[in-house]
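Coordinates in review
Here is how the chains run, residue by residue.
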Amino acid sequence: MGISEWVQMLTDEHTLLDLLEKYRSFGPLPGIGLTFMKSFVPPLPTLVIVGVNAAVYGLWLGFLYSWLGLVAGCLVTFAIARKVAGHPFLERYAQRKKVQKGLQWVRRNAFSYVFVLSIFPVGPFVVVNIAAAIARMRFRSFLLAVGTGKAVMVFAVSLVGHDVGRYYRNPALLLYVVLLVVLSLVVMKRIESRYLRSEAARNSAGSDAITDVKAK
């Protein structure tokens, strides 16, 4: 079976359900592995995989396994991109004016950029991770942004995927999911503001210390 056939098979909800049920004896590995693969095989449907995990493992374990797999995949691609970013070819590419403008914007809005795009269940996750890495976003900041963003997205999808019939019968319940996402955005915006203020204070203290040393 070729790669295209495997990808096509893994995009079918019923096939994924059968696959996870078949290999459930391996514990959390199938559930974590499928979401981990999302960072390296973009065509895989996040909504379907996360929803199936919740249906097979239950709401909380399904949420945990999906979150672990997605975050681990993002961290690995981020680390690889950070390692490769120092290559002379990429360095020359990054010096282009248009690329520099884009990188400057990402550096200024790195936390919001990663967090907000991590909330969406569809999108160019690999591109987001690589852009953050090339922009030299700090690992801790990336982990916090992608970890919290994926947590909101995975929980919302798991909540629906755990009992799809309930939301199908009563679509108004989806409003609670939307409110959860909006509330998370507000809370994380405040956390980001505090984080940026503390970062600015540390940088200011560091520059003052360097100035004092030079003066002496």
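Sequence order sets the numbering: in each chain, residues are counted from 1 along the sequence as written. The predicted origin of the model limits local features to residues at a pLDDT of at least 70 and limits the giving and counting of side-chain atom pairs to 80 or more, whereas totals for whole chains, interfaces and linings rest on all residues. The basis for the side-chain values is all heavy atoms of the structure; hydrogens and waters are excluded.

1. Observations concerning the overall build of the chain
Scanning the chain for helices and strands turns up 12 helices and 0 strands. For the chain, the proportion of its 216 residues judged to be buried stands at 38%. Of the roughly 12900 Å² of accessible surface on the chain, a fraction of 68% belongs to carbon and sulfur atoms. Starting at the N terminus, helices and strands are each numbered in turn, a helix being any DSSP run of H or I of at least four residues and a strand any DSSP run of E of at least two. Summary of the burial criterion: residues with accessible area below 20% of their type's maximum are buried, those above 50% are exposed, and those between are partly exposed, where the area comes from a 1.4 Å probe applied to protein chains only. With residues, only the protein chains shown are counted as cover, and all accessible areas are computed by Shrake-Rupley using a 1.4 Å probe.

2. Quick notes on the packing of helix H8 (residues 110-119) against helix H10 (residues 139-162)
A fitted line through C-alpha atoms serves as each axis, taken over the contacting stretch for helices, and the angle formed by two N-to-C directions is quoted from 0 to 180°. The interhelical angle for the contact between H8 and H10, taken along N-to-C directions, is 25°, at an axis separation of 7 Å. What the angle tells us is that H8 and H10 run roughly parallel. In terms of crossing hand, the pair formed by H8 and H10 is right-handed. For the pair H8 and H10, contact is made by Phe111, Val114, Phe115, Ser118 and Ile119 and by Ser141, Phe142, Leu144, Ala145, Val146, Thr148, Gly149, Lys150, Val152 and Met153, respectively. Any residue that is not Ala, Val, Leu, Ile, Met, Phe, Trp, Tyr, Cys, Pro, Asp, Glu, Lys or Arg is counted as polar, Gly included; the first ten are nonpolar and the last four charged. Its residues placed into classes, the contact of H8 with H10 shows 10 nonpolar, 4 polar and 1 charged. Note that the term roughly parallel is reserved for angles under 35 degrees, roughly antiparallel for angles over 145, roughly perpendicular for angles of 65 to 115, and oblique for everything else. Note: crossing handedness is left-handed where the near helix turns anticlockwise from the far helix by less than a right angle, and right-handed where it turns clockwise. Any pair of residues with heavy atoms lying within 4.5 Å of one another is described as a contacting pair.

3. A word on the nonpolar core
What is meant by a nonpolar core is a set of buried Ala, Val, Leu, Ile, Met, Phe, Trp, Tyr and Cys residues, joined one to another through side-chain atoms within 4.5 Å. Core analysis: the biggest nonpolar cluster contains 22 residues, and Val114, Met137 and Phe142 have the highest contact counts within it. Those elements that place two or more of their residues in this core are helix H5 (59-84), H8, helix H9 (125-134) and H10. Per-element accounting of this core gives the leading share, 6 residues, to H8. If we ignore the near neighbours within four places in the chain, the residues touching Val114 are Val128, Ala132, Met137, Phe142, Ala145 and Val146.

4. Some words on the packing of aromatic side chains
Between the rings of Phe, Tyr and Trp (Trp by its six-membered ring), a pair exists once the centres lie within 6.5 Å; its type follows the angle of the planes, with under 30 degrees stacked, over 60 edge-to-face, and the other angles tilted. Throughout the structure, instances matching the rule amount to 7 aromatic pairs. Aromatic pair Phe36 and Phe40: ring centres 5.3 Å apart, planes at 45°, arrangement tilted. What makes Phe36 partly exposed here is its relative accessible area of 27%. With relative accessibility at 40%, the residue Phe40 sits in the partly exposed group. A centroid spacing of 6.2 Å and a plane angle of 50° characterise the contact between Phe78 and Phe139, whose relative ring orientation is tilted. Of this pair, Phe78 sits in helix H5 while Phe139 sits in helix H10; the two residues are 61 residues apart in sequence, bridging distant segments of the chain. Classification of Phe139 as partly exposed rests on a relative accessible area of 44%. Taken together, the ring pairs in this structure connect Trp60, Phe63 and Phe155 into an aromatic cluster.

5. So, the environment of Phe36
Mapped onto the secondary structure, Phe36 falls in helix H3 (residues 29-37). A sequence separation of 35 residues divides Phe36 from Val71, and the C-alpha atoms of the two residues are 7.6 Å apart.

6. Description of a nonpolar patch on the surface
Taken together, the side chains of Phe40, Val76, Ile80 and Val84 make up a nonpolar region of the molecular surface, amounting to roughly 310 Å² of accessible area. Residue classification places Ile80 among the partly exposed residues on the basis of a relative accessible area of 46%. A patch is a set of surface residues, each over 30% in relative accessible area and not in a salt bridge, joined within 9 Å for like charges and within 5 Å for the nonpolar side chains Val, Leu, Ile, Met, Phe, Trp and Tyr. Definition used for salt bridges: Asp or Glu carboxyl oxygen within 4 Å of a side-chain nitrogen of Lys or Arg.

7. Digging into the side chain of Ser66
For Ser66, the location among the structural elements is in helix H5. For the purposes of these results, a polar contact is taken to be a pair of N or O atoms within 3.5 Å, where, inside protein, one atom must be able to donate a hydrogen and its partner to accept one; residues adjacent in sequence count only when each atom of the pair is a side-chain atom. Reaching out from Ser66, the side chain makes a polar contact with the backbone oxygen of Gly62 at a distance of 3.0 Å. Discounting chain neighbours no more than four positions away, the residues touching Ser66 are Thr35, Val50, Asn53 and Val154.

8. With respect to the side chain of Asn129
Structurally, the position occupied by Asn129 is in helix H9. Residue Asn129 is classed as buried on the basis of its relative accessible area of 2%. Reaching out from Asn129, the side chain makes a polar contact with the side chain of Thr77 at a distance of 2.9 Å. Here Asn129 is in contact with Cys74, Thr77, Phe78 and Phe142, once residues within four sequence places are set aside.

9. Examining the environment of Ala135
In this fold, Ala135 is placed in the loop between H9 and H10. Residues Ala135 and Arg108 lie 27 residues apart in sequence; the distance between their C-alpha atoms is 9.6 Å.

10. A closer look at the confidence of the model for the chain
Per-residue pLDDT for the chain has a mean of 76; in total, 63% of the residues score no lower than 70. Summarising per-element confidence for the chain, the mean pLDDT is lowest in helix H1 (residues 3-10) (58) and highest in H5 (91). As a per-residue measure, pLDDT reflects the predictor's confidence and takes values from 0 up to 100.

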